[in-house]
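What follows is each chain in one-letter form.
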Amino acid sequence: MGPPASSGFYVSRAVALLLAGLAAALLLALAVLASLYGHCARVPPSELRDRGAPAAAPSLPGQQEPTAQPSPTPEPDVAATRRNRRPPGPWDQLRLPPWLVPLHYELELWPRLRPGDLSASALRFAGRVNITVRCTAATARLLLHSLFLDCESAEVRGPLSPDAGDASAGRVSVVERWFAVDMQYLVLELGDALQPGRLYELRLGFSGAVSQDTREGLFLNLYTDQGERRALLASQMEPTFARNVFPCFDEPALKATFNITIIHHPRYVALSNMPKLSQSEKEDVNGSKWTVTTFHTTPHMPTYLAAFVICDYEHISRIERGKEIRIWARKDAIADGNADFALNITGPIFSFLEDLFNISYPLPKTDIIALPTFDNRAMENWGLLTFDESLLLLQPNDKLTEKKIMIFYIVSHEIGHQWFGNLVTMNWWNNIWLNEGFASYFEFGIINHFNPKLPRNEIFFSNILHGVLREDHALVSRAVSMKVESFTETNEINELFDLFTYNKGASLARMLASFLNEKIFISALKSYLETFSYSNAEQDDLWRHFQMAIDHQSKILLPTTVKSIMDSWTQQSGFPVITLNVSTGVMKQEPFYLGKVKNQTLLAHNDTWIIPILWIKNGTTQSLVWLDKSSKVFPEMQVSDSDHDWVILNLNVTGYYRVNYDKLGWKKLNQQLEKDPKAIPVIHRLQLVDDAFSLSKNDYIEIETALDLTKYLAEEDEIIVWHAVLMNLVTRDLVSDVNNHDIYPLLKKYLLKRLISIWNTYSTIIRENVTALQEDYLALISLEKVFGTACWLGLEDCLQLSRELFRNWMNHPENEIPNPIKNVILCYGIALGNDKEWDFLLKIYNNNTKEEERIQLAYAMSCSKDPWILNRYMDYAITVSPFTFNETNVIEAVAASEVGRYVAKDFLINNWQAVSERYGTQSLVTLLYVIGRTISTDSQILELQQFCSNMLEEHQRLTVQAKLQTIKNENLKNKERSARIVAWLRKNT
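Treat the numbers as computed from the prediction; the structure is a model and nothing was measured.

Participant: Outline the environment of Pro111, listing residues and values.
Facilitator: Here Pro111 lies in strand 1 (residues 100-111). The class for Pro111 is buried, based on a relative accessible area of 3%. Sequence separation between Pro111 and Ile310 is 199 residues; the distance between their C-alpha atoms is 8.9 Å. Each residue touching Pro111, except ones within four places of it in the same chain, is listed here: Arg124, Phe125, Leu218, Leu233, Ile263, Trp290 and Ile310.

Participant: Can you break down the sheet that holds strand 27 (residues 620-621) residue by residue, with the values?
Facilitator: Note on sheets: strands pair through backbone hydrogen bonds, and any given pair is parallel or antiparallel. Pairing in this open sheet of three strands is antiparallel, and the strands run 27-26-30 from one edge to the other. Each having just a single partner strand, strand 27 and strand 30 (647-649) make up the two edges of the open sheet. Examined bridge by bridge, strand 26 (residues 615-617) and strand 27 share two bridges and lie antiparallel to one another. Paired with Ile616 across the bridge in strand 27 is Thr621.

Participant: Quick rundown of the packing of aromatic side chains? Include the residues and the values.
Facilitator: Remark: the centre distance and the inter-plane angle together describe each pair of aromatic rings, the angle taken between the planes. Using the criterion set out here, one finds 45 aromatic pairs in the structure. Taken together, a centroid distance of 5.8 Å and an interplanar angle of 15 degrees make the contact between Phe219 and Phe374 stacked. With a gap of 155 residues between them, Phe219 in strand 9 (residues 217-225) and Phe374 in the loop between strand 18 (365-371) and strand 19 (378-379) connect regions that are remote in the sequence. Just as Phe219 is buried, Phe374 falls in that class too. Put simply, the rings of Phe350, Phe357, Tyr361, Trp419, Phe420, Trp433, Phe438, Tyr441, Phe442, Phe521, Trp543 and Phe546 touch in pairs and so form one group of aromatic residues. Residue placement shows Lys905 over the ring face of Phe947; its charged tip is 5.6 Å from the ring centre.

Participant: Describe the pattern of salt bridges, and please don't skip the residues or the numbers.
Facilitator: Scanning the model with the defined rule gives 40 salt bridges in all. In this structure, Arg767 and Glu804 form a salt bridge, with 3.8 Å as the shortest nitrogen-oxygen distance. Residue Arg767 is located in helix 18 (residues 743-768), and its partner Glu804 is located in helix 20 (residues 796-811); the two are separated by 37 residues in the primary sequence. The class of Glu804 is partly exposed, set by a relative accessible area of 36%. Beyond isolated ion pairs, a larger network of salt bridges with shared partners links Asp225, Glu228, Arg230, Asp312 and Lys331.

Participant: Hey, could you go over empty space enclosed by the protein for me, with residue numbers and the actual values?
Facilitator: Counted by the stated rule, this structure contains five cavities of 30 Å³ or more. Within this model, the second largest cavity holds a volume of roughly 60 Å³. Every residue along the wall of the second largest cavity is listed here: Leu94, His145, Met183, Arg243, Asp250, Glu251, Trp428, Trp429, Thr490 and Ile493. Per-class residue counts for the lining of the second largest cavity are five nonpolar, two polar and three charged.

Participant: A description of the side chain of Gln672 should follow, citing residues and the corresponding values.
Facilitator: Tracing the backbone shows Gln672 in helix 13 (residues 663-675). Judged by its relative accessible area of 5%, Gln672 falls in the buried class. Not counting chain neighbours up to four residues away, the residues in contact with Gln672 comprise Asp643, Trp646, Pro677, Ala679 and Ile680.

Participant: Mind laying out the sheet that holds strand 10 (residues 228-236), listing which residues take part and the relevant values?
Facilitator: On the basis of which strands lie adjacent, the open sheet formed by four strands has the order 9-10-15-12 and antiparallel pairing. Strands with a single pairing partner mark the edges of an open sheet, and in this sheet they are strand 9 and strand 12 (269-272). Strand-to-strand twist of the sheet, defined as the mean angle between neighbouring strand axes without regard to direction, takes the value 15 degrees. The pairing of strand 10 with strand 15 (residues 308-311) spans two bridges and is classified as antiparallel. Residue pairing for strand 15: Leu233 is matched across the bridge by Ile310.

Participant: Pulling in residues and values, what's your account of unusual backbone geometry?
Facilitator: Among all residues except glycine, the phi angle is most often negative; among peptide bonds, the trans geometry is most common. Omega for the bond connecting Gly158 with Pro159 falls within 30 degrees of zero, at 0 degrees, which places this linkage in the cis form. Along the chain, Pro159 turns up in strand 4 (residues 149-160). The backbone of Asn650 shows a phi angle near 75 degrees, a positive value even though the residue is not glycine. Structurally, Asn650 is set in the loop between strand 30 and strand 31 (658-661). Its relative accessible area of 1% is what places Asn650 among the buried residues.

Participant: Kindly report on a negative patch on the surface, identifying the contributing residues and their values.
Facilitator: There is a patch of like negative charges on the surface, built from Asp92, Asp182, Glu489 and Glu495. With respect to the secondary-structure elements, Glu489 resides in the loop between helix 7 (456-471) and helix 8 (490-494).

Participant: Talk me through the packing of helix 6 (residues 433-450) against helix 10 (residues 518-531); I want residue IDs and the actual numbers.
Facilitator: Running from N to C, helix 6 and helix 10 point in directions that differ by 140 degrees, and their axes come no closer than 15 Å. The orientation of helix 6 relative to helix 10 falls into the category oblique. Seen from above, helix 6 lies across helix 10 with left-handed handedness. For the pair helix 6 and helix 10, contact is made by Leu434, Phe438, Tyr441 and Phe442 and by Phe521, Ile522, Leu525 and Tyr528, respectively. Class assignment for the residues of the contact of helix 6 with helix 10 results in eight nonpolar, no polar and no charged.

Participant: Residue-level account of the pairing of strand 17 (residues 323-329), with values.
Facilitator: Inspection of the sheet shows strand 16 (residues 314-320) paired to strand 17 by seven bridges, in the antiparallel sense. Within the sheet, the bridge partner assigned to Glu320 lies in strand 17 and is Lys323. Between strand 16 and strand 17, which pair antiparallel in sequence order, lie two residues; one of them, Arg321, sits at a positive phi of approximately 55 degrees. Two strands pair when backbone bridges link them, and strand 17 and strand 18 are joined in this way by five bridges, in the parallel orientation. From the neighbouring strand, Ile325 faces strand 18, where its bridge partner is Thr366.

Participant: Explain the state of the cysteines residue by residue, including any values.
Facilitator: Each disulfide is one covalent bond, formed between the sulfur atoms of two cysteines. On inspection of all chains with the given rule, the structure shows two disulfides. At a sulfur-sulfur separation of 2.0 Å, the disulfide partner of Cys827 is Cys863. Taking the torsion about the S-S bond as the criterion, the Cys827 to Cys863 disulfide, at about -105 degrees, is left-handed. One end of the pair, Cys827, is in helix 21 (residues 822-831); the other, Cys863, is in the loop between helix 23 (851-861) and helix 24 (867-879), with 36 residues separating them in the sequence. For Cys863, a relative accessible area of 16% translates into the label buried.

What counts and how
Residues numbered from 1 in each chain as written. Predicted model: local features only at pLDDT ≥ 70, side-chain atom pairs only at ≥ 80, totals over all residues. Heavy atoms only, no water. Helix = DSSP H or I, 4+ residues; strand = E, 2+ residues; numbered from the N terminus. Buried < 20%, exposed > 50% of the residue type's maximum accessible area, 1.4 Å probe, protein only. Contact = heavy atoms within 4.5 Å. Pairing = 2+ DSSP bridges. Phe/Tyr/Trp six-rings, centres within 6.5 Å; stacked < 30°, edge-to-face > 60°. Lys NZ or Arg CZ within 6 Å of the ring centre and 35° of its normal. Salt bridge = Lys/Arg side-chain N within 4 Å of Asp/Glu carboxyl O. 1 Å grid on protein atoms, 1.4 Å probe; cavity = no way out; pocket = protein on both sides within 12 Å on 5 of 7 lines; lining within 4 Å. Points joined across faces, edges and corners; volume = space filled by probe spheres on them. Nonpolar A, V, L, I, M, F, W, Y, C, P; charged D, E, K, R; others polar. Axes fitted to C-alpha atoms, helices over the stretch in contact; angles between N-to-C directions. Patch = residues over 30% accessible without salt bridge, like charges linked within 9 Å, V, L, I, M, F, W, Y side chains within 5 Å. Areas by Shrake-Rupley, 256 points an atom, 1.4 Å probe, with all protein chains shown as cover. Lys, Arg positive; Asp, Glu negative; His and termini not counted. Charge placed at Lys NZ, Arg CZ, Asp CG, Glu CD. Parallel < 35°, antiparallel > 145°, perpendicular 65-115°, else oblique. Left-handed = near helix turned anticlockwise from the far one by under 90°. Disulfide = S-S within 2.5 Å.

Quick look at the structure:
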């Protein structure tokens, strides 16, 4: 956060000089006193301690528990002055200096959580950590990470004698300790230099606040179980939050062993990475009894994998190959059987990966815990995996959602990390994709092993590849693997956990596996995992082991080294577009841009990729070829005048690129689709649609070329292909813009004629045998779009089915709406009904406690086409209890519909202050974007600016103006595109 603006308070020059002199003298005196005390700077200063607990941190074995003493009050101004006066040094660098290597942590934590005490506004924890380190270079200054912690004490013992232990060890005086805020370091200034090659022990006492608002470090969850409000504590250390819990060397390469002790209330259970070693009892200064739980020593691991949970949960368990697996969850959830599915799949997944890599899981147990609130995340902590309960728990009767497969994927991902990340860890965060990319890739190998009927390629495309190709482009800000030097701030590490690390990383691993073979791919990974077990690796280490596997065989020939091939993908941003001229066989590559420009030399992306081209001709798989330069001739890819001659590049879409063809190439594919679409595999029908619409949107081909590929759709019976077509043709902007009156009737006529076959198939299943859908994953993820489009196009059977299902549910609540189409049925049930249906849904909403379902219901209530109902809805939202409609900005939801946009605008004129108070001033900005989403002229922008002039601050008005200008330009471009679609539809309907 920047400095506050000037207050405008003025004094005379003489007074200013006098005050400055006094301030300088006072600061100098305080600085001298502070250095004498050597008190640790704290950020932020601590609040008053819990009066019912000891003031000092708990003791570790062999240490005396100190008498409670008041800490000197910190002087933030003095600390700031001292920091500003320090010369540049290692505390200005993001990476720790290499002077010390941690070997072992003795860590004790004492959170003050008690049953029934749910205020938690000032919940704190205390702790001590003894860190055994090896000195590698003489230094009288020590740096380690610490953030938001109060440093109670600091001591350095040593050099340690390996034979005599630390009993005879001397002490190195700590002259001063201070906090380097920017890079989150605790700095210890010593009286003597540590000696290279010798061992020392750092002993630190500390305390801190439990996180209330974020799931970082040690954090609190409040939840309801067995009709009571309860609390638990859990930890999240990755990537850089271990330093929020205890002072440590918080980098992934600085692995060490841990002995962890947790002091907790006797009614709670404490969990950590390892099994419980012992339990004892202790009293605090008030005589209250606490349980001391000590755990076995961990393997060598980085700080980000250390994990702790203190909870009042139940568990279920099973033994897999002699090791216990326990699933922990709310007692209600365990009793209802919601953890059974996760328990049943966890053991077999572990066994599959042990057999695949021939490396046993090294820990004696695995605990998996379902947290009430974990921001829809999961974490692979060694021995104690944490999940948001929505990603782990499954109701036994939940058969008609994709949730079972989703849980299977996420559990597989986190278990995959036990090898990729925990056993072998990247050397630093710049190569986090080695963890996340391979764990994401193996999700699909695992789930296909246990569910061989699932269409592997189509699911990978839909879940992984499609999303990242939509976001990636040549000018995206980063590559998958980045140089360490490019990082300057800690928050840049947190930003690495994105679509590119996970999805692009998984896609590149899949491409690598595709141009090798399964045997070589797994053999190389086995070698890599065995070599770097309990250690760290760079990207080049992985490539070296793949190269070793290639060199030990002669069947697979590569145009260059594995490193050269894969570096061309991991060390530059974006991906290529391959264009094949089927008349000449000339293939070229170019970077993919969001909006192709004619003069590509103006754009800074001059590199090429070394591209594996797997391909098919006339339905027959061809030999692998390589495009290792900007263009190359492949005579075998030329096609004749025969109607049966066609070529598709990127077999099974295993390559991370899009494919374009010359006009003849697209024409041949279109002819084949119209003649016999089944001759082209499903994955390639999906690919053709997705590539063509993306390329047309970004000016690589004409929109008419993409539209031509849809002519055959009356014969398309694969719902995932229909999903891809409709996602590209029936966009949200098109649905919500009443100005698209020219395109709607044409699109309706064109699509309904082709949609009726796939509609009849699935509407019959919905009516007669809905349980048949439970094994059809692609239908579960596609049906909502198909049904929503059919109703939007006015298909009478869709509207009638919506009425039937909604009213049946109203009259008989036990007859639930099938989940895959629930959003559609709820929305059209409200849109086709009146206040009776709307009031019913409001009642259901008010009686529902599940956030996900409340959001679904809140959006459905915005589907009404009656302005008075929408006005009443928005009025409810800003006048009733703040806990009602708290999950959803109702005004935004209303404004998103074609009718609601005008109703919301009028409502905002009279109620903008109340809306601002309810949802915040930023919500007004977002609302203006939603209301103005269809603007295409400067006069419309001016009208909206005048509309919001009294609502926003000056900087917000400027932001809105710039955003509206961008929306206008995009809409103008879309208008040109829509006009061409209209012309094509007129010609083809």
